[in-house]
Amino acid sequence: MRKIGVLTSGGDSPGMNAAIRAVVRSAIYHDLKVVGIKRGYEGLINGDIEEMNLSSVADIIHRGGTMLRTARSEEFRTEKGFNKALNVISIFGIEGIVVIGGDGSFKGAEKLSQAGVKAVGLPGTIDNDLAYTDYTIGFDTAVNTVVNAISNIRDTSTSHGRANIVEVMGRHCGDIALHAGLAGGAESIIVPEEPFTIDEICKRLIQGKNRGKLHSIIILAEGVLGDPNELAKAIVDKTGADTRVTTLGHIQRGGSPTAFDRNLASRMGGRAVQLMLENKSSRVVGIKGSEIIDLDISEALSIKKEINKDMLELAKILSI
């Protein structure tokens, strides 16, 4: 192994820069040349590649987003686009690629491995929707962003005596909603993995009001309902409570990563380079408990993600 590449693909997440930094500096420490591939697989196809050194990754560990930029590439999914990527890899003499992204990015890494290019994946996504790892890079920062937003919304909600629905990201995974809702003291947490009824939400709201509570926070994971305003309307119709909707959107992807995400990304980046040095391929890096792990990509992607039922039940108990 003489030269490796690193790219970020799909949605960005806080901590990606810390992971890039760890890959680059670990590679250089072990006398490997390393190149940065910009704009993910799209940049790989177009040869948007530059050699990186220690200075390339100076002063980025605390920055959100990704210095390598990111994109989603439909062309890479085609036979023609994939072959163009293989040609670029050959031209630049790249022997292995560290891919930082989510499940779609991992499938691209698996495809590269099958074509003879060594590839290792790092889980960079705020959604925490990869079941093989306890946490993904960026999840902790996103949860803290939501918790801070809940605190701000609670202030104005209390002033006006309102109920507030806070819609958060997560695609088909309710982890951001659950973790932020529990930490933020939400009355109701609505996630795609758990059935709910509007009557149950309204009952909690009324019970809180009857004991003198001036506000109500309802956390809603995106994708559960088509339009959160429909939920707000239903709550108004059933309870008369002044109900507003706040969709946090892409603010959850930005911001300086937490210490947890910086350390997680750094440890994972170091493991990725070690796997390259061991000539291993088609692996993804994760964390279980406090230990950094790695396993086969196809095995990792086959594991079904499940919501933490104990946390969900605890959130219900604490919201009474």
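Residues numbered from 1 in each chain as written. Predicted model: local features only at pLDDT ≥ 70, side-chain atom pairs only at ≥ 80, totals over all residues. Heavy atoms only, no water.

Undergrad: Which residues make up the overall build of the chain, and what are the values?
TA: The helix and strand inventory of the chain stands at 11 helices and 11 strands. The C-alpha atoms of the chain give a radius of gyration of 22 Å, which matches the 20 Å a tight globule of 320 residues would have. With the C-alpha coordinates of the chain rotated into their principal frame, the extents come out at 70 × 35 × 30 Å. By the burial criterion, 51% of the 320 residues in the chain qualify as buried. Put simply, of all contacts in the chain between residues at least 6 apart along the chain, 74% involve residues at least 24 apart. (Helix = DSSP H or I, 4+ residues; strand = E, 2+ residues; numbered from the N terminus. Rg over C-alpha atoms; globule rule 2.2 N^0.38 Å. Buried < 20%, exposed > 50% of the residue type's maximum accessible area, 1.4 Å probe, protein only. Contact = heavy atoms within 4.5 Å.)

Undergrad: Can you explain the pattern of salt bridges? Please cite residues and give values.
TA: Evaluation of the coordinates by the stated rule reveals 23 salt bridges. Ionic pairing is found between E50 and K38, a salt bridge with its closest N-O pair at 3.3 Å. Of this pair, E50 sits in strand β3 (residues 49-52) while K38 sits in the loop between β2 (33-37) and α2 (40-46), placing them 12 residues apart in sequence. Look at E50 and you get partly exposed, because its relative accessible area is 33%. (Salt bridge = Lys/Arg side-chain N within 4 Å of Asp/Glu carboxyl O.)

Undergrad: Residues and numbers for the nonpolar core, please.
TA: Counting residues in each nonpolar core, the largest one holds 30 residues, and the members touching the most others are I4, V6, M52, V98, I100, L122 and M268. Of all the secondary structure elements, the ones that give two or more residues to this core are β1 (3-8), α1 (16-29), β4 (96-101), β5 (118-123), α9 (259-277) and β10 (283-288). Leaving out residues up to four positions away in the same chain, V6 has contacts with V23, V34, V35, G36, I37, M52, L68, V98 and I100. Grouped together as the second largest cluster of nonpolar side chains are 27 residues, A142, I153, A177 and A315 included. (Core = buried A, V, L, I, M, F, W, Y, C linked by side-chain atoms within 4.5 Å.)

Undergrad: Explain unusual backbone geometry to me, and be specific about the residues and the numbers.
TA: Of note in this structure, R69 is not a glycine but carries a positive phi near 60°. By secondary structure assignment, the location of R69 is in the loop between β3 and α3 (79-91).

Undergrad: Tell me about the layout of surface pockets, and name the residues and values.
TA: Take a probe with the size of a water molecule and roll it over the atoms, and the empty space left behind shows itself. Approximately 520 Å³ is the volume found for the largest pocket. G10, R72, R77, G104 and S105 are the residues nearest the centre of the largest pocket, which is lined by 28 residues in total. No other element matches helix α4 (residues 103-114), which puts 6 residues into the lining of the largest pocket. Of the pockets and cavities examined, the second largest pocket occupies roughly 260 Å³. (1 Å grid on protein atoms, 1.4 Å probe; cavity = no way out; pocket = protein on both sides within 12 Å on 5 of 7 lines; lining within 4 Å. Points joined across faces, edges and corners; volume = space filled by probe spheres on them.)

Undergrad: For a nonpolar patch on the surface, give the residues involved together with the corresponding values.
TA: A grouping of L314, I317 and L318 is seen on the molecular surface, where their side chains present a nonpolar patch of about 280 Å² in accessible area. Here L318 shows up in helix α11 (residues 309-318). (Patch = residues over 30% accessible without salt bridge, like charges linked within 9 Å, V, L, I, M, F, W, Y side chains within 5 Å. Areas by Shrake-Rupley, 256 points an atom, 1.4 Å probe, with all protein chains shown as cover.)

Undergrad: Outline empty space enclosed by the protein, supporting the account with residue identities and numerical values.
TA: This structure, assessed with the given rule, holds 1 cavity of 30 Å³ or more. Approximately 220 Å³ is the volume found for the largest cavity. S188, I189, I190, E200 and K316 are the residues nearest the centre of the largest cavity, which is lined by 16 residues in total. Every element with two or more residues in the lining of the largest cavity is listed here: β7 (188-190), α7 (198-210) and α11. Each residue belonging to the lining of the largest cavity can be placed in one class, and the counts come to 9 nonpolar, 2 polar and 5 charged. (Nonpolar A, V, L, I, M, F, W, Y, C, P; charged D, E, K, R; others polar.)

Undergrad: Describe the sheet that holds β3, and please don't skip the residues or the numbers.
TA: Ordered by their spatial adjacency, 7 strands build an open sheet running β3-β2-β1-β4-β5-β10-β11, and the pairing between neighbours is mixed. Two strands in the sheet have a free side with no partner beyond their single neighbour: β3 and β11 (291-296). On average, each strand axis in the sheet is inclined to that of its neighbour by 25°, with strand direction left out of account. Pairing between β1 and β4: 5 bridges, direction parallel. Opposite T8, over in β4, you have I100 as the bridge partner. (Pairing = 2+ DSSP bridges. Axes fitted to C-alpha atoms, helices over the stretch in contact; angles between N-to-C directions.)

Undergrad: Go over the packing of α7 against helix α8 (residues 228-239), please, and point to the residues and values.
TA: Contact pair α7 / α8: the axes reach a minimum separation of 10 Å and the direction vectors enclose 60°. With respect to each other, α7 and α8 are oriented oblique. Considering only the axes of α7 and α8, their crossing is right-handed. From α7, I198, D199, I201, C202, L205 and I206 reach across to α8, where they touch L231, A234, I235, K238 and T239. Residue composition of the contact of α7 with α8, grouped by class: 8 nonpolar, 1 polar and 2 charged. (Parallel < 35°, antiparallel > 145°, perpendicular 65-115°, else oblique. Left-handed = near helix turned anticlockwise from the far one by under 90°.)

Undergrad: Before we move on, could you go through the sheet that holds strand β8 (residues 216-221) and cite the residues and values that matter?
TA: With respect to topology, 4 strands assemble into an open sheet ordered β7-β8-β6-β9, the strand pairing being parallel. Edge positions in the open sheet fall to β7 and β9 (243-247), since each of these has one partner strand only. Recorded for the sheet is a direction-independent mean angle of 20° between the axes of neighbouring strands. Where β7 and β8 come together, 3 bridges link them in parallel fashion. In the strand pairing of β8, S188 is matched with I218.

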